[in-house]
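Close look at the chain arrangement
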Amino acid sequence: GSTIGIIGGGQLGRMLAMAAARLGYRTVVLEPQPDCPAAQVANRQITAAYDDPAALAELADASAAVTYEFENVPVEAASALAAKVPVHPPARALEVAQDRVTEKTFLNGIGIATADFRAVDNDNELTAALKAFGGSGILKTRRMGYDGKGQRVFRNVEAGGFAGTCEAMGNVPLILEAFVPFEREISVIAARGIDGAVAAYDPAENVHRHGILHTSTLPAGISAGTVIAAQEAASTILSALDYVGVIGVEFFVLADGSLLANEIAPRVHNSGHWTEAACIVSQFEQHIRAVAGLPLGNPGRHSDCVMENLIGDDVLRVPELLAEPDLMLHLYGKAEARPGRKMGHFTRISRRG
Ligand code: ATP
Ligand code: MG
Ligand code: MG
């Protein structure tokens, strides 16, 4: 059968379903939220929890291959599915990406540098870790954080007096990361096919606002050597995970051009949305190609561009944006523009190559 299963029905699932349709595939989406963005374009929605055994069995039966649009798919669900139908990327990628300590340990183990870090489970461990990092660091929940949620910054604090911090963070496992004095942030979107071929897009330079990605700019203001180092690191990660599909890898760039990996996302990534406007083959098509066992497309970039997210009331800018000649608009079909909600994005072509 030529149906692709997608776990998760948000905007990333929607854009994957659109790319799949263009390549001639049908899609079925597993998503508990009715009338989700992806269901508006997919052929079918299974409206159930991501770990519902009957729903997973139905998804496996309906699909030639299954993929996902978010990194918090339960690992057990992905593993159970994988016994019945190919699941790409592999469950191991979820396991690594879901826990910041596991993730950094994995990256360091394959020779990719990250910020120094310590697992923190109580206020005493926090005190010790902050002391070790000279009084500065970023405390994060190990799991489930996104858009900068579940984070607390400490800058030049005196050791001690942190009673209650772990409780305020929800009494969940935490990580303290050393504060990285980065010059800029970049990300690489890369893909690995079923045949092991790797295709990496150019790194984007990312600016965040209130913890949410604001813009991705191409080209990034980095040297050719840093471009290659970032793409090679992404390729190393893909091979180490025996990965199939698209991955997003976020990096900090230091003043000397060297890189520290921040985190990986085992899926298509917001900082790769520019590829639909400035490349022949977008990250969404690339992911479907990989998952379906097709050859990967050319990740080359034909234009310089800036992608910008439309968050909440930013959608009110749509009429003026549509008046711009070299701008590609993409809305997600969400009815209500709540604060902090990703409603769409646009890519402005700044120079045609
Ligand atoms: P995402 O939505 O990208 O998944 P997230 O909630 O997982 O975000 P991170 O990417 O870990 O969070 O951090 C959010 C931002 O906070 C980073 O892009 C960076 O700007 C800043 N930041 C995170 N960790 C550090 C660090 N160790 N040192 C300095 N800045 C950091
Ligand atoms: Mg993250
Ligand atoms: Mg991030």
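Just so you know, these numbers come straight off a predicted model, no measurement behind them.

The rules behind the values
Residues numbered from 1 in each chain as written. Chains lettered and ligands numbered in written order. Predicted model: local features only at pLDDT ≥ 70, side-chain atom pairs only at ≥ 80, totals over all residues. Helix = DSSP H or I, 4+ residues; strand = E, 2+ residues; numbered from the N terminus. Buried ≥ 20, exposed ≤ 12 C-beta atoms within 10 Å, placed from the backbone. Contact = placed C-beta atoms within 7 Å. Near = placed C-beta within 6 Å. Nonpolar A, V, L, I, M, F, W, Y, C, P; charged D, E, K, R; others polar. Domains from an automatic or database assignment. Pairing = 2+ DSSP bridges. Axes fitted to C-alpha atoms, helices over the stretch in contact; angles between N-to-C directions. pLDDT = per-residue confidence, 0-100.

Quick word on the overall build of the chain
Across its full length, the chain holds eleven helices and 17 strands. When the backbone C-alpha atoms are referred to their principal axes, the chain occupies close to 60 × 50 × 40 Å. Within the chain, the fraction of its 353 residues that count as buried is 45%.

Looking at the environment of Trp274
Within the secondary structure, Trp274 sits in the loop between β14 (259-265) and α9 (275-278). When the 32 C-beta atoms within 10 Å are taken as the criterion, Trp274 is described as buried. For the pair Trp274 and Glu103, spaced 171 residues apart in sequence, the C-alpha to C-alpha distance is 26 Å. Ignoring anything within four residues of it in the chain, the contact list for Trp274 reads Ala204, Ser216, Leu218, Cys305, Met307 and Thr347.

Section: the site of ligand 1
Around ligand 1, the surrounding shell holds 16 residues, and the nearest of these are Ala115, Gly145, Tyr146, Glu177 and Val180. Along the lines of polarity and charge, the residues of the shell around ligand 1 split into five nonpolar, five polar and six charged. A domain split of the shell around ligand 1 shows at least three residues from each of domain 2 (116-177) and domain 3 (184-352).

Remarks on the domain arrangement of the chain
By a widespread convention, an interface's size corresponds to the accessible area lost as its parts come together. For the chain, the assigned domains read domain 1 (3-87), domain 2 (116-177) and domain 3 (184-352). For domain 1 and domain 2, the distance between their C-alpha centres works out to 35 Å.

Examining the sheet that holds strand β1 (residues 3-7)
Ordered by their spatial adjacency, four strands build an open sheet running β3-β2-β1-β4, and the pairing between neighbours is parallel. Strands at the two margins of the open sheet, each flanked by one partner only, are β3 (44-46) and β4 (65-68). Taking each pair of neighbouring strands and ignoring which way they run, the sheet shows an average axis angle of 25°. Here β1 pairs with β4 via four bridges, running parallel. Its bridge partner lying in β4, Ile4 is registered against Ala65.

A look at the confidence of the model for the chain
With 99% of its residues at a pLDDT of 70 or more, the chain shows a mean pLDDT of 96. We note a pTM of 0.97 for the whole complex and an ipTM of 0.98 for its interfaces.

A closer look at the environment of Asn262
Looking at the element boundaries, Asn262 is found in strand β14. Under the C-beta neighbour-count criterion, Asn262 is labelled buried, with 21 such atoms within 10 Å. The contacts of Asn262, once residues within four sequence positions are left out, are Glu250, Phe251 and Phe252.

A word on the sheet that holds strand β7 (residues 151-154)
Neighbouring strands of a sheet are bound in pairs by backbone hydrogen bonds; such pairs are parallel or else antiparallel. In spatial order, the strands read β5-β8-β6-β7; together these four strands make up an open sheet with antiparallel pairing. Either end of the sheet is taken by a strand with one partner, and the two such strands are β5 (117-120) and β7. Neighbouring strand axes in the sheet, compared pairwise and without regard to direction, differ in orientation by 20° on average. Of the pairings in the sheet, the one linking β5 to strand β8 (residues 174-177) comprises four bridges and is antiparallel in character. Residue pairing for β8: Arg118 is matched across the bridge by Leu176. In the packing of helix α5 (residues 100-109) onto the sheet, the strands contacted are β5, β6 (137-141) and β8, and the crossing angle to β5 comes to about 150°.

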